Amino acid sequence: MKKAVYFILLAAFTGSGVAFGFFLVNSGLVAFLTDLPQHFRLGVVGLSTLIGLLAGILLARPLMSGAVRLTVIAEQYLQRTPTQDLVMGSVGLIIGLIIANLIGNLLSFLGPVGKLVWILITLFLSYLGLSIGIKKREELLALFASFPKFGKDRALKSELKAGHFKILDTSVIIDGRIAELCESGFIEGVMLIPAFVLEELRHIADSPDLLKRNRGRRGLDILNKMRKDVDIKVQIYDNNRGLEDVAEVDTKLVKLAQKLGGKIITNDYNLNKVAELHGVKVLNINELANAVKPVVLPGEEMVVQLVKDGKEMGQGVAYLDDGTMIVVDNGKRYMNQTIPVLVTSVLQTAAGRMIFAKPKYEKRGEGQAHLGEVNAIG
């Protein structure tokens, strides 16, 4: 392929030399050339052909290398540019060129001056159309979606509705339960992964700390799993316009949710509260997990195994299979034993649920005897 392009460029330079030679001897620009005999004129054409051939040999390979470098740079830039920016920028550029062409027809009577003005107007309107198309892409997409002829593209219009985008934060990706929720169909819409969240995941995955590195790699694995699932719509959002001056990832998430009218999915309690203060809807995975846990009422009986001491004196702590903590009053004496307990109260928070209970059968104190309804000491 490279050889073919090389010979094509060589032929183009040689042909240009031939054309330039005939132009010199026939145009009359150089007076003495027109008076030369025919064989000298052909010699001039041959000389210009040779110059063109030498120029092709010297410049063909550098031109090919430069074209390849420019192509690679352009390809990398286009890959980083969001698809919406490319489409709407192209639409704006085409509209600018159409308007410039109409103006050029009006200026044609001015001759060379009109052509110069037309070129300047074309450059200006091309840049203006490209810039407006990119900056106003969301408004333009909404405008196109409202036309009846675009009624078939309702998916695009629905994506612009508030609440359609679900913006994932770093903690919920690492947690991993979001993938199972999406597979089950309980969460619909587009799962939006901002570029800065992806960058934070990459930094965590590259951390020298083993625990952090494993958490970061787990998050990247979860994302890859979700992207490979055809039933889950995952989109990487690269457009950070307006968020460059914001340092904290949580603040960027809140501002992005306000900008797109989407919802944040997280299990970070602090982000949950900050987003609510800014009026952003939050879907907290922990709240969902608490909501689907079996309801426990005071007075219910359950069998638990005491595994450690509580914070208060005499308390013992047990855990249900789903990780719910059970604090048992006077449970320390039953450490590492499985006993029946009675629920006394339940504390429900966004951070989780805690159950308070007491042993169903209290041990009697040493030196006590129980006689019917009367306790006898000693």
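Above this note sits the structure.
Analysis parameters
- Residues numbered from 1 in each chain as written.
- Predicted model: local features only at pLDDT ≥ 70, side-chain atom pairs only at ≥ 80, totals over all residues.
- Heavy atoms only, no water.
- Helix = DSSP H or I, 4+ residues; strand = E, 2+ residues; numbered from the N terminus.
- Buried < 20%, exposed > 50% of the residue type's maximum accessible area, 1.4 Å probe, protein only.
- Contact = heavy atoms within 4.5 Å.
- Core = buried A, V, L, I, M, F, W, Y, C linked by side-chain atoms within 4.5 Å.
- Salt bridge = Lys/Arg side-chain N within 4 Å of Asp/Glu carboxyl O.
- Expected span 1.5 Å × (residues − 1).
- Axes fitted to C-alpha atoms, helices over the stretch in contact; angles between N-to-C directions.
- Parallel < 35°, antiparallel > 145°, perpendicular 65-115°, else oblique.
- Left-handed = near helix turned anticlockwise from the far one by under 90°.
- Pairing = 2+ DSSP bridges.
- Arc of directions from axis to C-beta.
- Polar contact = N/O pair within 3.5 Å; in protein donor to acceptor, adjacent residues only side chain to side chain.

### Some points on the overall build of the protein
Next, step 1: Within the protein, the regular secondary structure consists of 14 helices and 13 strands.
Next, step 2: In the protein, buried positions account for 32% of the 378 residues.
Next, step 3: Intrachain contacts of the protein at a sequence separation of at least 6 include 59% that bridge at least 24 residues.

### A closer look at the nonpolar core
Next, step 1: Among the nonpolar cores identified, the biggest contains 39 residues, and Leu-168, Ile-178, Met-191 and Met-226 are the most heavily contacted of them.
Next, step 2: Per element, the largest residue contribution to this core is six residues, and it comes from helix H12 (residues 249-260).
Next, step 3: Excluding residues that lie within four positions of it along the chain, Met-191 makes contacts with Lys-166, Leu-168, Cys-182, Met-226, Ile-232, Lys-233, Val-234, Gln-235 and Ile-265.
Next, step 4: By size, the runner-up hydrophobic cluster in this structure holds 13 residues, among which are Met-302, Ala-318, Ile-355 and Ala-357.

### Here's the deal with the pattern of salt bridges
Next, step 1: One pass over the full model with this rule turns up six salt bridges.
Next, step 2: We note a salt bridge from Glu-276 to Lys-273, for which the minimum N-O separation is 4.0 Å. Taken as a pair, Glu-276 and Lys-273 lie in helix H13 (residues 269-277) at a separation of three residues, close to a single helical turn.
Next, step 3: Relative accessible area serves as the criterion here: at 37%, Lys-273 is assigned to the partly exposed category.

### A closer look at helix H4 (residues 83-106)
Structurally, the α-helix is built with 3.6 residues per turn, so residues lying three or four positions apart point the same way.
Next, step 1: With 24 residues, H4 extends 35 Å between its outermost C-alpha atoms, agreeing within 8% with the 34 Å of an ideal straight helix rising 1.5 Å per residue.
Next, step 2: Every buried residue of H4 is accounted for by Asp-85, Met-88, Gly-89, Gly-92, Gly-96, Ala-100 and Gly-104.

### Side note on the packing of H4 against helix H5 (residues 112-135)
Next, step 1: It is the contact of H4 with H5, at a shortest axis distance of 7 Å, that shows an interaxial angle of 155 degrees. It follows that H4 is roughly antiparallel to H5 by the angle criterion. For the pair H4 and H5, the crossing hand works out as right-handed. Along the contact surface, H4 presents Asp-85, Met-88, Gly-89, Gly-92, Leu-93, Gly-96, Leu-97, Ile-99, Ala-100, Asn-101, Ile-103 and Gly-104, while H5 presents Trp-118, Ile-121, Thr-122, Leu-125, Ser-126, Gly-129, Leu-130, Gly-133 and Ile-134.

### Here's the deal with the pairing of strand E8 (residues 316-319)
Next, step 1: Across two bridges, the pairing between strand E7 (residues 308-309) and E8 is antiparallel. Bridging from a neighbouring strand, Lys-308 pairs with Val-317 of E8.
Next, step 2: In this structure, the hairpin formed by E7 and E8 is closed by a connection of six residues, where Gly-314 is found at a positive phi of approximately 85 degrees.
Next, step 3: As defined by bridge partners, E8 adjoins strand E9 (residues 325-328) across four bridges and the pair is classed as antiparallel. Within the sheet, the bridge partner assigned to Ala-318 lies in E9 and is Ile-326.
Next, step 4: The turn joining E8 and E9, which pair antiparallel and follow one another in sequence, is formed by five residues; a positive phi near 95 degrees is taken by Gly-323.

### Topic: H13
Next, step 1: Residues of H13 that are buried include every one of Leu-271, Asn-272 and Ala-275, and no others. All buried residues of H13 project into a common sector of 105 degrees when viewed along the axis, lining one side. Of the residues in H13, the exposed ones pointing more than 90 degrees away from the buried face are Asn-270 and Leu-277.
Next, step 2: Against H12, strand E4 (263-266), strand E5 (282-284) and helix H14 (285-291) lie the buried residues of H13.
Next, step 3: Sitting at the head of H13, Asp-268 places a side-chain oxygen 3.0 Å from the backbone nitrogen of Asn-270.

### A closer look at the side chain of Thr-266
Next, step 1: By secondary structure assignment, the location of Thr-266 is in strand E4.
Next, step 2: Setting aside chain neighbours within four positions, we find Thr-266 in contact with Asp-169, Ser-171, Val-172, Leu-271, Val-282, Leu-283, Asn-284 and Ile-285.

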